[in-house]
Amino acid sequence: MTELNIGERRKRQLEESVDVHFKNIRKSFGDVEVLKGIDLSIRRGEFFSLLGPSGCGKTTLLRILAGFEFQDSGEVLLRGAEVSKLPPNQRSVNTVFQNYALFPHMTVYDNVAFGLRMRKVASSELKTRVMQALETVEIGQFAARKPAQLSGGQRQRVALARAIVNEPQVLLLDEPLSALDRKLRVNLQVELMRLQARLGLTFIFVTHDQEEALTMSDRMAVMNKGVIEQLGGVQDMYERPSNAYVAQFLGSSNLLEGTVSAAGQVKTQLGELEVRDPLPAIGQEVMLSIRPEKIQLMREACASNCVSVSVTDDIYQGATGAYRARTSTGIELEINTMNTGVTHTDYNIGDTLHAHLPSELIVVLGSGSRLQEVVALEGLA
Amino acid sequence: MTPLELLEAWSGVLIVLIGLFAIWYFALRRFQVRKASKRLSLTAFLAFGFLYLPIIVVAIFSFNNSRFRLDWVGFTWKWYAKIFGDESVEGGLEGAQLLLATQNTLVLAVISTIIATLLGALLGYGLHRYRFPGSKLTAWLMYIPVVTPDIVMAISLLLLYQVLRVVSPIFEPGLPAMVIAHVTFQIAFVAIVVRSRLATLDPALEEAARDLYAGPLDTMRFVVLPLMLPGVMAGALLAFTLSIDDFVISFFTSGPTSQTLPILIYASVKRGITPDINALSTIIVAITIIGVFISQILQRNQKA
């Protein structure tokens, strides 16, 4: 009896820490099924990213949460309460739109005050809260301007202020930085993270930019063709992708097909490789992944997991450099190096070198790896 | 013919040509046209001149101090004075007739414009906002009144009214029937202008309003209406000028006491053109041009 009570309480605590819960969400537009049964919980106060290529369904999922689209089946819970049937104006979430969607006929002040006015907030409180929100995003001096008189970055701040002034339970951000140039985007990324930490709001951030997602989020979900490929903390997902799609979408990866030949040994096109990751039974086919920056190039031979290669391409990228190197069996490896010396060019095209693939850095991908999709992804790049 | 007589006979033509070249000359100076494009600009100017010449001639002769002659006698405001009620000026239209026709024209234009603007704005918004079975067909049908020749529209309405007369006396020839007739062709113009205005707006604006706790009515009131208002006003002005201008459809649906200005002018022209008709036409053209001009400005401002 007591045990049951403890179990109940624990379950309740878990539920309370969940802000948004998608239960088996399905959605089709005409014949195209854009969401194929999404199950996802987003924790209170976390910075969560939905990452995926365009058309993967991430924006649709966000729009279902905001109330702009209705799912064909499944439930959306906001702090435990079913909101599926509610129109957008009755949901305690606010959206920062991709192209800001500021009201062009209103001043910055009136834009930000809009939500509070609709909720009939008393005028004295309204003024304080609007000014506070404008100060938070550092655009207090533009209160009297129209959106057309602002730069892209300033409009982005207005859009942000207009959403956070309402103190929503969840803030939805639909690729809010994609229209800005790179420098500004990086600055705003940092500001968004600080803002989120200060306000303690749950942020759900939709993006197709893996770097942006990795930089900003606590956790993220990589989506592809209406399903979630992997869900987890950002470091986990980068270091331990569960399948080839995620490995390729989050940065680049060297993928190797092989067969388990002995305990901790995989026979690949590169030859026998030692692997620390748990492996399936001997004789099974597996796919291995190793990040380009984890491979070490060297002139002298190494002890284990060493492959002899010749350099085919030398790509200078400023802070980093990339080499393409080919093995005698014709397999091409991508290897990244940091430009820490006087110049990055340690090796020349045609050099015969040794590539060391540390056994502890090789990831065994799950059975869910689909080669076809990897090929498709490479076709896009 | 003595040279003096010849000059007198050609004086009207000369005045028109001098006027045209004066405008061209000042336009060239104002816009600092390069030498090479001067000849081109002259061609363009002559083409436009050809289009507007009839109107310019009417405007010039409305200031001619002569009852019958088509040559220049002297400048006068008296035909305008007559239109605005100066009984002492001899010749031309009867004052009472003119007053009634003006009144009819304005009543018809104002009422039909109000109705057409309301309905046309709703139609434009509906077609923009919703996809329903037949919405494409409706959008396409909207252009039919725009391209149908006035005379076909007029005869169709005349026939329809004869049929509907049994139902209500509203369809007897007269002002109410004319209002309905005008509304039928005005709606399309209003809807087209409103729709093109809405097409320039970000569809996310309505979503943003809903997201910020506005219900459907508040979204309409605080976001959609203010943003489509320039389009609605432009459409209304266009509808108003179309109604003021219209002769054919009014002619076929009017009754004995519902003569409008265009009908009155047509009727009196048969007895010879009098200078006060020139003055009246000039005023109508001026009102139309101002209306179209404001309509254009409203449509241009919406982009900012």
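Residues numbered from 1 in each chain as written. Chains lettered and ligands numbered in written order. Predicted model: local features only at pLDDT ≥ 70, side-chain atom pairs only at ≥ 80, totals over all residues. Heavy atoms only, no water.

Q: Could you clarify how one ought to interpret helix H2 (residues 58–66) of chain A in this entry?
A: Residues lying three or four places apart along an α-helix face the same way, a consequence of the helix completing one turn every 3.6 residues. All names here are of chain A. Among the nine residues in H2, seven count as buried, and that is most of the element. If you check which residues of H2 are buried, you get Lys58, Thr60, Leu61, Leu62, Ile64, Leu65 and Ala66. Once H2 ends, the next one or two residues include glycine 67, with phi positive near 100 degrees. (Buried < 20%, exposed > 50% of the residue type's maximum accessible area, 1.4 Å probe, protein only. Helix = DSSP H or I, 4+ residues; strand = E, 2+ residues; numbered from the N terminus.)

Q: Explain the nonpolar core to me, please; I cannot follow it from the model alone.
A: The nonpolar side chains of soluble globular proteins are, as a tendency, buried together. Phe22(A), Leu50(A), Leu61(A), Phe103(A), Phe114(A) and Ile204(A) are the most contacted members of the largest nonpolar core, which has 52 residues in total. A per-element tally of this core places helix H10 (residues 216–245) of chain B first, with six residues. Judged by nonpolar contacts, the second largest core, of 37 residues, contains Leu126(A), Ala161(A), Ala163(A) and Leu177(A). (Core = buried A, V, L, I, M, F, W, Y, C linked by side-chain atoms within 4.5 Å.)

Q: Would you explain the domain arrangement of chain B in this entry?
A: Where the parts come together, the accessible area they lose is often given as the size of the interface. Residues and elements named next belong to chain B. Domains assigned within chain B are domain 1 (3–61) and domain 2 (95–301). A C-alpha centroid distance of 34 Å is found between domain 1 and domain 2. Facing the four residues of domain 1 at the interface are four residues of domain 2. When domain 1 packs against domain 2, the two sides together hide about 330 Å² of surface, and 71% of this comes from carbon and sulfur. If you sort the residues of domain 1 by the area they bury against domain 2, Ile55, Val58 and Phe61 come out on top, with a joint share of 83%. Our count for the domain 1 to domain 2 interface comes out at zero salt bridges. Summed over the shared surface of domain 1 and domain 2, the number is zero residue pairs in polar contact (both at pLDDT 80 or more). Partitioning the side of domain 1 that touches domain 2 into residue classes produces four nonpolar, no polar and no charged. (Domains from an automatic or database assignment. Contact = heavy atoms within 4.5 Å. Buried area = accessible area lost by both parts, 1.4 Å probe. Salt bridge = Lys/Arg side-chain N within 4 Å of Asp/Glu carboxyl O. Polar contact = N/O pair within 3.5 Å; in protein donor to acceptor, adjacent residues only side chain to side chain. Nonpolar A, V, L, I, M, F, W, Y, C, P; charged D, E, K, R; others polar.)

Q: For this particular structure, what's the right way to read the sheet that holds strand S11 (residues 254–262) of chain A?
A: Neighbouring strands of a sheet are bound in pairs by backbone hydrogen bonds; such pairs are parallel or else antiparallel. Residue and element names in this part refer to chain A. Read across the sheet, five strands follow the order S13-S12-S11-S14-S20 without closing on themselves; strand pairing throughout is antiparallel. Two strands bound the open sheet, and with one partner strand each, they are strand S13 (271–274) and strand S20 (363–364). Alignment of S11 against strand S12 (residues 265–268), held across four bridges, turns out to be antiparallel. Among the inter-strand pairings, glycine 258 is bridged to a residue of S12, identified as threonine 268. (Pairing = 2+ DSSP bridges.)

Q: Please explain the sheet that holds strand S16 (residues 306–316) of chain A as it appears in this structure.
A: All names here are of chain A. A sheet is described by the order of its strands in space; here five strands give the open sequence S15-S19-S16-S17-S18, paired in antiparallel fashion. Each having just a single partner strand, strand S15 (296–298) and strand S18 (332–338) make up the two edges of the open sheet. With strand direction ignored, the average angle separating the axes of adjacent strands in the sheet is 45 degrees. (Axes fitted to C-alpha atoms, helices over the stretch in contact; angles between N-to-C directions.)

Q: Explanation requested: the layout of surface pockets in the structure shown.
A: Gaps between atoms show up when a probe of the same size as a water molecule is rolled over them. Roughly 900 Å³ of internal volume is contained in the largest pocket. When contributions to the lining of the largest pocket are tallied by element, the ones reaching two or more residues are H2 and strand S7 (170–174) of chain A together with helix H4 (95–129), helix H9 (204–211) and H10 of chain B. Ranked by residues supplied to the lining of the largest pocket, first place goes to H10(B) with six residues. Its residues placed into classes, the lining of the largest pocket shows 21 nonpolar, seven polar and seven charged. (1 Å grid on protein atoms, 1.4 Å probe; cavity = no way out; pocket = protein on both sides within 12 Å on 5 of 7 lines; lining within 4 Å. Points joined across faces, edges and corners; volume = space filled by probe spheres on them.)

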